[in-house]
Amino acid sequence: MMRKNKTFFATVWSYRVSYLFIAPFMICFTVFIMIPVAAAFGLSFTYFNSLEPPRFVGWDNFRYMISQDLLFIKFALPNTFKFSVIVGPGGYIAAFMLAWLISILPGRSRKWFALAMYSPSLTGGVAMAIVWQPMLTGDRIGYLNSFLLKLGLIGEPQLWVTSKEYLMTSMIGVTLWSSMGIGFLAMLAGILNVNAELYEAGKLDGIKSRLEEIWYITIPSMKPQMLFGAVMAIVGTFKAGGIGTQLSGMNPTPEYSGHLIVNHINDYGFIRMELGYATALSVFLLFMMYLANKFCWRLFGTKEDE
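Definitions and limits used
- Residues numbered from 1 in each chain as written.
- Predicted model: local features only at pLDDT ≥ 70, side-chain atom pairs only at ≥ 80, totals over all residues.
- Heavy atoms only, no water.
- Helix = DSSP H or I, 4+ residues; strand = E, 2+ residues; numbered from the N terminus.
- Buried < 20%, exposed > 50% of the residue type's maximum accessible area, 1.4 Å probe, protein only.
- Areas by Shrake-Rupley, 256 points an atom, 1.4 Å probe, with all protein chains shown as cover.
- Salt bridge = Lys/Arg side-chain N within 4 Å of Asp/Glu carboxyl O.
- Contact = heavy atoms within 4.5 Å.
- 1 Å grid on protein atoms, 1.4 Å probe; cavity = no way out; pocket = protein on both sides within 12 Å on 5 of 7 lines; lining within 4 Å.
- Points joined across faces, edges and corners; volume = space filled by probe spheres on them.
- Nonpolar A, V, L, I, M, F, W, Y, C, P; charged D, E, K, R; others polar.
- Expected span 1.5 Å × (residues − 1).
- Arc of directions from axis to C-beta.

Student: Mind laying out the overall build of the protein, listing which residues take part and the relevant values?
Tutor: When helices and strands are counted, the protein shows 15 helices and 2 strands. Along the first, second and third principal axes, the C-alpha set of the protein runs to 80 × 70 × 30 Å. When the 306 residues of the protein are sorted by exposure, 37% land in the buried category. In the structure as shown, the protein presents an accessible area of about 19000 Å², 69% of it carried by carbon and sulfur atoms.

Student: Could you give an account of the pattern of salt bridges, with specific residues and numbers?
Tutor: Two side chains of opposite charge can pair, provided their charged atoms sit close to one another. Tallied over the entire structure, the rule returns 4 salt bridges. As a salt-bridge pair, Asp 60 and Arg 63 come within 2.4 Å of each other at their nearest N and O atoms. Of this pair, Asp 60 and Arg 63 both sit in helix H3 (residues 60-67), 3 residues apart, which is roughly one turn of the helix. A relative accessible area of 37% means that Asp 60 is categorised as partly exposed. Exposure remark for Arg 63: the relative accessible area of 46% places this residue in the partly exposed category. For Arg 272, the salt bridge goes to Asp 267, with nearest N and O atoms at 3.1 Å.

Student: Explain the environment of Ile 141 to me, and be specific about the residues and the numbers.
Tutor: Within the secondary structure, Ile 141 sits in the loop between helix H6 (125-136) and helix H7 (143-151). In sequence terms Ile 141 and Trp 177 are 36 residues apart; their C-alpha atoms lie 22 Å from each other.

Student: Please provide a residue-by-residue account of the side chain of Asn 61, values included.
Tutor: Mapped onto the secondary structure, Asn 61 falls in helix H3. Residue class for Asn 61 comes out buried when judged on its relative accessible area of 11%. Ignoring anything within four residues of it in the chain, the contact list for Asn 61 reads Leu 43, Ser 44, Phe 45, Thr 46, Gly 276, Tyr 277 and Ala 280.

Student: How would you sum up empty space enclosed by the protein? Please name residues and give values.
Tutor: Under the defined criterion, the tally for this structure stands at 1 cavity of 30 Å³ or more. Quantified by volume, the largest cavity comes out at close to 40 Å³. Considering the residues around the largest cavity, the lining is formed by Thr 80, Phe 83, Ser 84, Thr 237, Phe 238, Ala 240, Leu 260, Ile 261 and Val 262. Of all the elements in the fold, those that place two or more residues in the lining of the largest cavity are helix H4 (70-103), helix H12 (223-239) and helix H14 (261-271). For the lining of the largest cavity, the element with the highest residue contribution is H4, accounting for 3 residues. Here the lining of the largest cavity is composed, by residue class, of 6 nonpolar, 3 polar and no charged.

Student: Pulling in residues and values, what's your account of the layout of surface pockets?
Tutor: In this structure, the largest pocket encloses a volume near 700 Å³. Along its surface, the largest pocket is lined by 32 residues, and Ser 178, Ser 179, Met 232, Gly 236 and Lys 239 are the ones closest to its centre. Elements represented by at least two residues in the lining of the largest pocket include exactly H4, H6, helix H9 (182-192), H12 and helix H13 (242-248). The element contributing the most residues to the lining of the largest pocket is H12, with 7 residues. Across the lining of the largest pocket, the residue classes break down as 14 nonpolar, 17 polar and 1 charged. Estimated volume of the second largest pocket: approximately 520 Å³. Gly 88, Pro 89, Tyr 92, Phe 295 and Cys 296 are, among the 22 residues lining the second largest pocket, the residues nearest its centre. For the lining of the second largest pocket, the secondary structure elements donating two or more residues are H4, H12 and helix H15 (275-300). Here the element with the most residues in the lining of the second largest pocket is H4; it accounts for 9 residues. Class assignment for the residues of the lining of the second largest pocket results in 19 nonpolar, 3 polar and no charged.

Student: Help me get a handle on unusual backbone geometry, residues and values and all.
Tutor: Asn 251 connects to Pro 252 through a cis peptide bond whose omega is 5 degrees. Following the sequence through the fold, Pro 252 ends up in the loop between H13 and H14. Of note in this structure, Ser 50 is not a glycine but carries a positive phi near 75 degrees. Structurally, Ser 50 can be placed in the loop between strand E1 (46-47) and strand E2 (55-56).

Student: Could you give an account of the environment of Ala 40, naming the residues involved and the relevant values?
Tutor: Examined against the element boundaries, Ala 40 turns out to sit in helix H2 (residues 16-43). Residues Ala 40 and Gly 276, 236 residues apart in the sequence, show an inter-C-alpha distance of 8.6 Å. Not counting residues within four places of it along the chain, the set of residues in contact with Ala 40 comprises Thr 279 and Val 283.

Student: Explain H12 to me, using residue names and the numbers behind them.
Tutor: Between its terminal C-alpha atoms H12 stretches 24 Å, which fits the 24 Å expected from 17 residues at 1.5 Å a residue. Within H12, burial applies to Lys 223, Met 226, Leu 227, Gly 229, Ala 230, Ile 234, Thr 237 and Phe 238. Each buried residue of H12 lies within a common arc of 165 degrees when the element is viewed along its axis, so the set occupies one face. Opposite its buried face, H12 presents the exposed residues Pro 224 and Lys 239, each directed more than 90 degrees away. Tucked into the core, H12 has its buried residues touching H4, H9, helix H11 (210-221), H14 and H15.

The following block contains the structure:
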């Protein structure tokens, strides 16, 4: 045993320079990621109001979440699933399609189109809402209502962001508009770096259409970028939530039509100051993100024989 320990420490010491280079990242990762996550798991089993010391309550927070929290069961959870199922895959597919279309453009114009697609993702939630509010204003002056009224498609102005019927649709549209972020750039880089010889070999093997090229050559050749884009899409989708209150100007949103899990966490954490339960909700959201990421690894992760 002592001999194995000496061998282990000798190996570690031989790579000391390498550990020195990764030390800043590991320290930041431990302090700002690992420790907060571990603390969140611990606090999720407590009652904590930020004034009194945390009091251990066991599984009470999770039992309340799945059996008694009607706002969570009736609104936050189904709204989050609906929002994430449409925005996540929709934004992911749109990012890939736009990246592919931009990749076939001439080199000079390619960077400007890429910048135009990427720019909306740089806007914060409040700035994004300010950009879209004139478009979705619920009177005749609103751009969308004015356009549809002139075409005769609607008979009266619609309340796009202040009615329960249209708020979720507006949230999805605005979020998709701003979803071309880092994942989109990674996909564009992946497509541009596919070996051109593979396309030539594919033509010799019988590939005749662009769709077959994408399916049999492009996607398999850029699995790391596809995986990265999927992970970023998952993270961006599940952490979204503020756009509903920013578009509607109401908190909570009209009849909770845009109430997502993130809104529920903010409600309990920063308004009701029930930080233990808010942390339990955060742990549940983290678990959902973990399952979604595992699914993406199954799709795009590199197998041992590849």
